[in-house]
Amino acid sequence: MKLFNGLLILLLLVTSVSAQRELTKFVDPFVGTGGHGHTFPGAARPFGMVQLSPDTRLTGWDGCSGYHYSDQIIYGFSHTHLSGTGVSDYGDILLMPTVGEVSIRAAGGDKTVNGYASKFSHQREKARPGYYAVKLEDDQIFAELTATDRVGFHRYTYPATDQANVILDLAHRDKVLDSALRIVSPTRIEGFRRSDAWARDQVVYFVAEFSQPVTEYGIALDDQLKIGLSDARGTNIKAFFRFGTQSGAPLLVKVAISAVDIAGARKNLAAELPHWNFARVQQDAAAAWNRELNKIQVSGGTEAQLRTFYTALYHTMIAPNLFMDADGRYRGRDLKTHTARGFANYTVFSLWDTFRAAHPLYTIIEQKRTHDFINTFLAQYDEGGRLPVWELAGNETECMIGYHAVSVIADAARKGIGGFDRNKAFTAMKHSAEMEHFGLAAYKRRGYISMEDEPESVSKTLEYAYDDWCIAQMAALLGKQDDYARFIRRAQYYKDVFDPATSFARPRQNGGWVAPFDPREVTFNFTEANAWQYTFFAPQDISGLIELFGGKAQFARKLDELFTTESKTTGREQADITGLIGQYAHGNEPSHHMAYLYDYVGQPWQTQARVRQIMDEFYKPQPDGLIGNEDCGQMSAWYVLSAAGFYQVTPGSPIYAIGSPLFPAVRFQLENGRTFSIKAHNATPQNVYIQSATLNGRPYSKAYFTHRDVMNGGELVFRMGARPQRAWGTGAGDAPTSAILDDKIIPPPVFKSASQTFGDQLEVSLLAAQPAMKLYYTTDGTEPGPAAQLYNNPFFIEHTTTIKSVAVANHGERSQTVVATFHKLPHNWGIELTAQYNRQYTAGGAQGLIDGVRGGKNFSAGAWQGYQGQDFAAVIDLGQEETVSRLGAGFLQNIRSWIFMPTRVDFELSHDGRTFTPALSIPNDVPADSYDEVIKDFTRNISPQRARYVRIKASNYGKLPAWHLGAGGDAFIFIDEIMIEAGK
């Protein structure tokens, strides 16, 4: 019996190996390195810790990965890179081979400046999974790179010379906080680099070994080169190591890294690369990639489609990255050393992007890694007190919005993926939702985030609501009914920012809608988007969203308008909004589910057409073949799933909406040993429409299938055609559903008035978000109770007043309370602006600077007036001559958003408005490099003087400094309010 079992296992292994196809040949790592894809072409293993790649660009948005296809200079090869992000970091431990005399200087634009950069051409450059090679033209060096999980392996073939050098640059790219280098022996060096960039405290320890002894070396500390110096510590360390290469044999360099310590790097080197066989490491890397890529086997299609598909699948496996040493130790969220027990620790969690498609893809083909990811989340919760948002190298960057780790956890749990403590996960999920930061306090209190509470208020409201639904799903799984009831109500808060009059998600301010309103306008009320691109985000309750539009027909018409309206956006420039079809923007993630929404309203043929259009137009096997940032696999995961024929619109609900399968056959090799196949008969570029389907041999009419269908294994077969088949997927029960049926909420009322401030009196109206609602209000600041007034008609107020209102349904269900405060102007001054403010930051116009209402630290709340690239200047007319005794103005600094304090503020006085006399000058004393958000009043007493007019000038900071991420851009001045003490 044992012999039989052994033979059976051997047969299975042979069958598995024989079923492996050579798929790495279809991967082009240069895809996405041009345009705005922000990928890199270098050598890495699947989800590996090392990403060994050339650096061609040191700064700028299109240099986020360190490489851009349009460049012609290579600075060197560093060991860590980010794939497709919108912010730059990494680029640690840079090596560069050179020949001849050594010049080590600060990095610059060409070799004559920095002493070691080299020109290169794409004609002499190649890349494939786990391997990169390039000819460095200046010194005729052939450089090759490959990698294990934790070790980068270099092979440099020099011309015959006794001056073959390897430059080490520990000051490369971002700000260095500390670094060190030690020459251990003629063949080994060790050191570390601690830096501040996107990750504010990142550290990389390294051990490097050379295949032959160094003949000469030197270390440059602060660009002062000392020959023979064997160790150094500081913030600007570079070094050179010289070898003789007359024999023509290549020089090999192994570089092991660790985020823990030097000992960890040594162990990683010993565990993963004890030999010098470059070809074996290259082959092992290719084999590792081939195993991963074979998890999805596609057949048929054009060469371009196969290259696009497998390059996309490759990109989904670049990140997250392994982040622990061979002995299990890792640097945790508390920046201390921990040991992973029972899981592999990872980093680089771009969750705002990847919760949408990349992580759902992993639940199919990377289930083991999925529970490793979740256990990493829980370890970060233990160490840092919170689930990750956008974690990088043990640092929480606080980038993007939401708390989408809860989506990944809930989706895995709903799909039956185990290997993690569900109760602990639920506690951590709730903790993220119960915090008070980033608008959550207001969101919980009133059911939405208002413009004055927090930037990106609409997007945060919508995404928090989805995340809360995910928490409710986890509560239901665990039988926690009270928690389910609370979070399922919060999951409906998306309704509170939906304006039925315009049928758009719309920003609110002071209890009302922000006006004027243009759904095409890109403002700071949305996250990298506008109202068009966020209105359709309620994946947790698509049925409820359809009801808000008035039904399926109206919803479908709105989708039609989305895809067919003018593609032009207005307002703020946003580089991420690309790939426009109408106002659908495939280049950024909020739009990614929208083409599949037609399935939910019984028009699956529309989904099929739009999905195929997006695949055909926005994915190409060329350097600029991605329409937007790759974003750590999300852009590519959309293609992988869509080309297979489906997409998960609602992560956390284990159903997949069907689109338009691209290939004749797609086969998923599952970790449970089963296979799930999707076949598309008659699949051609013209035949984009599903005519009929079978699932496991039986007729199938649903426009969706379930995760269980996939995990059970089987075969889903489509027959494709060139014309829409409107009978398929449109019957009763054929549409996918996403609906919240429990504890439906009542949206709060909306205030309407001419402005937030007024002179003599102000008319105020109340609007119901839904019909058949009674509205009650108070004007004395108390909560609307039984004694509150029933709203029937608009009313007037004559004093500064706080009004509170609720909506009440016929069955007695109440909305949350909405509050508005209207301010009576403190005086009747006039003001004339002699500079032009940015239309995004108006403070309500000129009068907003003297209305007595102060702006807070939220620069986008509407109370601040912003001026970019110019000084601020204005003249205030007091109406009559008065005795002026104090002058001042308030300003905001938020340098992340390019807002700097003025360098000085000057005041002048005049009797006639023509001739002005200097009265006060106040210099700035707030450090320009402070990342704290600061409000400062430039205010002082003056000797009492008679005047009617006050002129103020605030001098702009100018161009952003070299150390700023926006270096060279124009700084903003943000002002509110102008303060004048005067009396008769």
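Below is a short write-up of the structure. Residue numbers here run from 1 along each chain, matching the order of that chain's written sequence. Side-chain atom pairs in this predicted model are given and counted only at pLDDT of 80 or more, local residue features only at pLDDT of at least 70, and totals for whole chains, interfaces and linings cover all residues. Derived side-chain values reflect all non-hydrogen atoms in the structure, with water molecules and hydrogen atoms excluded from consideration.

What follows concerns the side chain of Ser805. Under the DSSP-based scheme used, a helix requires at least four consecutive residues in state H or I and a strand at least two consecutive residues in state E, with every element numbered from the N terminus. Residue position: Ser805 is located in strand β50 (residues 801-808). Between buried and exposed lies partly exposed: a residue is buried under 20% and exposed over 50% of the maximum accessible area for its type, with that area taken using a 1.4 Å probe on protein chains only. Judged by its relative accessible area of 0%, Ser805 is buried. Polar contact is defined as a pair of N or O atoms within 3.5 Å, subject to the rule that within protein one atom must be able to donate a hydrogen and the other to accept it, and that residues adjacent in sequence are counted only when both atoms are side-chain atoms. A polar side-chain atom of Ser805 sits 2.9 Å from the main-chain carbonyl oxygen of Tyr776. Every residue in contact with Ser805, bar those within four places of it in the chain, is listed here: Pro749, Phe751, Leu766, Tyr776, Tyr777, Pro784, Gln816, Thr817 and Val818. Contacts between residues were defined by any pair of non-hydrogen atoms, one from each residue, lying within 4.5 Å.

Attention now goes to the environment of Ile93. Along the chain, Ile93 falls in the loop between β4 (76-78) and β5 (94-99). Residue classification places Ile93 among the buried positions, given a relative accessible area of 1%. Spatially, the C-alpha atom of Ile93 lies 6.5 Å from that of Asp169, the residues being 76 residues apart in sequence. Sequence-distant contacts of Ile93, defined by excluding residues within four places in its chain, comprise Phe77, Ser78, His79, Leu168, Asp169, Leu170, Arg193, Val204, Phe206 and Val255.

Of the voids in this model, the second largest pocket is the one considered here, and its volume is about 1400 Å³. Definitions used for this entry: grid spacing 1 Å over protein atoms alone; cavity, a set of points where a 1.4 Å probe fits but cannot get out; pocket, an open set with protein on both sides within 12 Å along at least 5 of 7 lines; lining residue, one with an atom within 4 Å of a point. Considering the residues around the second largest pocket, the lining is formed by 46 residues, among which Met451, Gln509, Val514, Ala515 and Gly844 are closest to the centre. Element by element, the count of residues in the lining of the second largest pocket is highest for strand β44 (residues 750-753), at four residues. Counted by class, the lining of the second largest pocket contains 20 nonpolar, 18 polar and eight charged residues. Grid points are joined across faces, edges and corners, and a volume is the space filled by probe spheres set on the points. Residue type decides the class: Asp, Glu, Lys and Arg count as charged, Ala, Val, Leu, Ile, Met, Phe, Trp, Tyr, Cys and Pro as nonpolar, and the leftover types, Gly among them, as polar.

In this analysis, the expected span of each helix is defined as 1.5 Å times one less than the number of residues it contains. Compared with an ideal rise of 1.5 Å per residue, which puts 12 residues at 16 Å, helix α10 (residues 422-433) spans 17 Å between its outermost C-alpha atoms and is within 8% of the ideal. Along α10, the residues that are buried comprise Ala425, Phe426, Ala428, Met429, Lys430, Ser432 and Ala433. Looking at the buried side of α10, the elements it contacts are α8 (367-384), α9 (405-414), α11 (440-446), α12 (457-478) and α13 (481-490). At the N-terminal boundary of α10, the capping side chain belongs to Asp421, with an oxygen 3.1 Å from the backbone nitrogen of Asn423.

Strand pairing is assigned whenever DSSP identifies at least 2 bridges connecting the two strands. Summarising the sheet, strand β15 (residues 216-221) and strand β16 (residues 224-227) pair through four bridges and their orientation is antiparallel. Paired with Ile219 across the strands is Lys226, a residue of β16. Taken together, β15 and the strand that follows it, β16, pair antiparallel across an intervening segment of two residues, in which Asp222 is found at a positive phi of about 55°.

The subject of this paragraph is the sheet that holds strand β47 (residues 774-778). Sheet architecture is open: five strands sit in the order β45-β51-β50-β47-β48, paired in mixed fashion. Here the strands that pair on one side only, and so sit at the sheet edges, are β45 (757-758) and β48 (789-790). Where β47 meets β50, five bridges bridge the pair, whose relative direction is antiparallel. Paired with Tyr776 across the bridge in β50 is Val806.

All right, on to empty space enclosed by the protein then. One pass over the structure, following the stated rule, counts six cavities of 30 Å³ or more. Computed from the structure, the largest cavity encloses a volume of approximately 120 Å³. Considering the residues around the largest cavity, the lining is formed by 15 residues, among which Met49, Thr80, Tyr90, Ile257 and Phe323 are closest to the centre. Secondary structure elements with two or more residues in the lining of the largest cavity: β14 (202-210), β19 (251-258) and β21 (321-322). Considering each element in turn, the lining of the largest cavity owes the most residues, three residues, to β14. Here the second largest cavity is characterised by a volume of approximately 80 Å³.

Attention shifts here to the packing of aromatic side chains. Pairing of aromatic rings covers Phe, Tyr and the six-membered ring of Trp, with a centre-to-centre limit of 6.5 Å; geometry is then stacked below 30 degrees between planes, edge-to-face above 60, and tilted otherwise. Throughout the structure, instances matching the rule amount to 60 aromatic pairs. Relative to Tyr158, the ring of Tyr156 lies with its centre 6.4 Å away and its plane at 85°, an arrangement referred to as edge-to-face. Grouping residues by exposure puts Tyr156 and Tyr158 together as buried. Taken together, the ring pairs connect Phe47, Tyr346, Phe349, Tyr362, Phe373 and Phe377 into an aromatic cluster. For a lysine, the NZ atom is tested; for an arginine, the CZ atom; a charge sits over a ring if that atom is within 6 Å of the ring centre and within 35 degrees of the ring normal. The ring of Tyr448 carries the charged tip of Arg508 above its face, separated from the ring centre by 4.3 Å. Over the ring of Phe524 we find Arg572, and its NZ or CZ is 3.8 Å from the ring centre.

Okay, the pattern of salt bridges next. The term salt bridge refers to a side-chain nitrogen of Lys or Arg lying within 4 Å of a carboxyl oxygen of Asp or Glu. If you walk through the whole model with that rule in mind, you get 52 salt bridges. Between Glu272 and Arg150 there is a salt bridge whose closest N-O contact spans 2.5 Å. Of this pair, Glu272 sits in helix α3 (residues 262-272) while Arg150 sits in the loop between β9 (141-147) and β10 (151-157), placing them 122 residues apart in sequence. Grouping residues by exposure puts Glu272 and Arg150 together as buried.

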